[in-house]
Amino acid sequence: MTTTEHLDRGPLSMDELAEVIARDIPDGSFVNLGIGQPTKIADHLPAERGVVLHTENGMLGMGPAAHGDEVDADLTNAGKVPVTELPGASYFHHADSFAMMRGGHLDVCVLGAYQVAGNGDLANWHTGKPGAIPAVGGAMDLAIGAKDVLVMMSLFGKDGSPKLVPACTYPLTGVGCVSRVYTDHGVFEVGGDAVVVRETWGISVADLRRRLGVPLATAG
């Protein structure tokens, strides 16, 4: 696959990015979607693709978000968002759910992040800021237990600083665990000698090289 630059389109909205990530998840995978923006991916996974969604509060076979008459207050994802269930959905104890996560039974997880380093280190539970409320959740278990860890995040913070960095300055969630980073400006493969740019939206690779502090390579 060669690097594709979409200079006339972008940056992507989080809904558009969710569709891109859904496209790349292999059919038939067992997948956990992290709290927040990653839950949007469920709305872009048609049932016929056979992707089975797992949520750490104890459910396999989660469907898209519930709306209107579909809403059942007892049926939510880990972020307390009402969801639907697909045929064959099952429910189990919280401890069993974490055993699935820790035991390597999930093919893919998609997590949000504060920072990702070029070597695949992940920081997504605490900024270290005094007074900030840390939010570990199941992220540490997913980051180490899933076979493939993807990140969904904006590429730059509100102050314009990059979130794809040479080394994380925030407390780590996992070491060398991330394989691919999906952002509003581009998709990046991490964990090698250089970060490989797969696709960009609204920005060129040359501009990314100027704005990011990590060595970038192109695919193909």
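Reading the values: the criteria
Residues numbered from 1 in each chain as written. Predicted model: local features only at pLDDT ≥ 70, side-chain atom pairs only at ≥ 80, totals over all residues. Heavy atoms only, no water. Helix = DSSP H or I, 4+ residues; strand = E, 2+ residues; numbered from the N terminus. Rg over C-alpha atoms; globule rule 2.2 N^0.38 Å. Buried < 20%, exposed > 50% of the residue type's maximum accessible area, 1.4 Å probe, protein only. Contact = heavy atoms within 4.5 Å. Areas by Shrake-Rupley, 256 points an atom, 1.4 Å probe, with all protein chains shown as cover. Pairing = 2+ DSSP bridges. Right-handed = clockwise from strand over helix to strand, strands pointing away. Salt bridge = Lys/Arg side-chain N within 4 Å of Asp/Glu carboxyl O. Phe/Tyr/Trp six-rings, centres within 6.5 Å; stacked < 30°, edge-to-face > 60°. Lys NZ or Arg CZ within 6 Å of the ring centre and 35° of its normal.

Visitor: Outline the overall build of the protein chain, supporting the account with residue identities and numerical values.
Guide: Each helix and strand counted, the protein chain has four helices and 14 strands in total. Compactness check: the protein chain gives a C-alpha radius of gyration of 17 Å against a globular reference of 17 Å for 220 residues, within 12% of the reference. Summarising its shape, the C-alpha atoms of the protein chain cover approximately 50 × 40 × 30 Å along the three principal directions. Counting over 220 residues, the protein chain shows a buried share of 47%. Restricting the contact set of the protein chain to residue pairs at least 6 apart, pairs at least 24 apart contribute 60%. Summed over all atoms, the accessible surface of the protein chain reaches about 10400 Å², with 53% contributed by carbon and sulfur.

Visitor: So, the sheet that holds strand 7 (residues 115-117): which residues are in play, and what are the values?
Guide: Read across the open sheet, the three strands follow the order 8-7-10; overall the sheet is mixed. One side of each edge strand has no neighbouring strand; the edge strands of this open sheet are strand 8 (122-123) and strand 10 (164-165).

Visitor: I'd like a description of the pairing of strand 3 (residues 52-55), backed by residues and values.
Guide: Relative to strand 3, strand 2 (residues 30-33) runs parallel, the two being bridged by three bridges. If you follow valine 31 over to strand 3, its bridge partner there is leucine 53. Looking at chain direction, strand 3 and strand 4 (residues 59-65) are connected through two bridges and run antiparallel. Following the sheet pairing, histidine 54 is matched in strand 4 by leucine 60. Between strand 3 and strand 4, which pair antiparallel and follow one another directly, the connecting turn spans three residues, one of which, glycine 58, has a positive phi of 110 degrees.

Visitor: Before we move on, can you summarise the pairing of strand 13 (residues 195-201) with the specific residues and values?
Guide: The side chains of a regular strand alternate, residue by residue, between the two faces of the sheet. With six of its seven residues buried, strand 13 lies for the most part within the structure. As paired elements, strand 12 (residues 186-189) and strand 13 share four bridges and run antiparallel to each other. Bridge assignment links glutamate 189 to a residue of strand 13, and that residue is valine 196. By the bridge criterion, three bridges tie strand 13 to strand 14 (residues 216-218) in an arrangement that is parallel. Residue valine 195 lies in a different strand from strand 14, and its bridge partner there is leucine 216. Handedness of the crossover joining strand 13 and strand 14 through helix 4 (residues 205-211): right-handed.

Visitor: I'd like a rundown of the pattern of salt bridges, residues and numbers included.
Guide: Oppositely charged side chains may form a pair once their charged atoms are brought near each other. Counted under the stated rule, the structure contains 11 salt bridges. For aspartate 27, the salt bridge identified is with arginine 49, shortest N-O distance 2.6 Å. Highlighted residues: aspartate 27 in the loop between helix 1 (14-24) and strand 2 and arginine 49 in the loop between strand 2 and strand 3, separated in sequence by 22 residues. The class for aspartate 27 is exposed, based on a relative accessible area of 55%. Here arginine 180 and glutamate 189 are joined by a salt bridge, their closest N and O atoms 3.1 Å apart. When salt bridges with common partners are traced through the structure, they connect Arg23, Asp24, Arg180, Glu189, Arg198 and Glu199 into a single cluster.

Visitor: Break down the packing of aromatic side chains for me, with residues and values.
Guide: Applying the stated rule across the entire model yields one aromatic pair. A ring pair is formed by tyrosine 114 and tyrosine 170, whose centres lie 6.2 Å apart and whose planes are at 90 degrees; its orientation type is edge-to-face. Residue tyrosine 114 is located in the loop between strand 6 (108-111) and strand 7, and its partner tyrosine 170 is located in the loop between strand 10 and strand 11 (178-183); the two are separated by 56 residues in the primary sequence. For arginine 211, the ring lying beneath its charged end belongs to phenylalanine 156, and the centroid distance is 3.8 Å.

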